[in-house]
Amino acid sequence: MNITSVNSSTIPAPNSAQDLVPAQANGQTDAESSEKSSGTRVTLSDLGQALAAKRQAANQPVKNQDIDKSSLPDTIKDLLKRIRELQEQIREQQQKLNTIMANQRLSPEQKQEQMQQIQATINSLSGALNSAYGQLNKLTRDLDLTKEQQMSVASLLATSV
């Protein structure tokens, strides 16, 4: 078999996670999508998403297991879990902010609007996090924790960042 010519086309790599979202999810029709982008879009079926989530969960240690195993009072444990949850939500919002800043398809006005919304969410979460830290400090004083328990709280806070 002889090959006389080869046609090749370059498929651009996605610039961000948003580029992997189907065009219809952004409110575009198939026609609009094909006019705007000649790149390849990848989506996972519901089954594929479920399998990916299951695999990710299997590879991660049980969340907050270290807090649950500690000898701390339940109110302190609950606050430590809440602090971790808020920190994770802030990280997720910061990732969204980075994605928006890197998105070349948005106009400056769209970027500004979306960034302001996410920044407002981050500010709200930061306020809740500060409140949780304040509650934790008050509880550790009011409950008269032992030195060992105080060290345990400090250690668990250090691993949550």
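Okay, so let's go over this structure. Everything numeric in this text was worked out from a predicted model, so none of it was measured. (Residues numbered from 1 in each chain as written. Predicted model: local features only at pLDDT ≥ 70, side-chain atom pairs only at ≥ 80, totals over all residues. Heavy atoms only, no water.)

1. What to know about helix 5 (residues 108–142)
Taking 1.5 Å as the rise per residue, helix 5 with 35 residues should run 51 Å; its terminal C-alpha atoms sit 50 Å apart, in good agreement. Along helix 5, the positions that sit buried rather than exposed are Lys111, Ile118, Ile122, Leu125, Leu129, Ala132, Leu136 and Thr140. On the buried face of helix 5, the contacting elements are helix 4 (74–102) and helix 6 (147–160). Just downstream of helix 5, Asp144 is the residue with a positive phi angle, here 50°. (Helix = DSSP H or I, 4+ residues; strand = E, 2+ residues; numbered from the N terminus. Expected span 1.5 Å × (residues − 1). Buried < 20%, exposed > 50% of the residue type's maximum accessible area, 1.4 Å probe, protein only. Contact = heavy atoms within 4.5 Å.)

2. A short note on unusual backbone geometry
At Asn64, a residue that is not glycine, the phi angle is positive and equals roughly 65°. The exposure class of Asn64 is buried, given its relative accessible area of 14%. Of note in this structure, Asp144 is not a glycine but carries a positive phi near 50°. One can find Asp144 in the loop between helix 5 and helix 6.

Function cannot be read off these values alone, since they describe shape.
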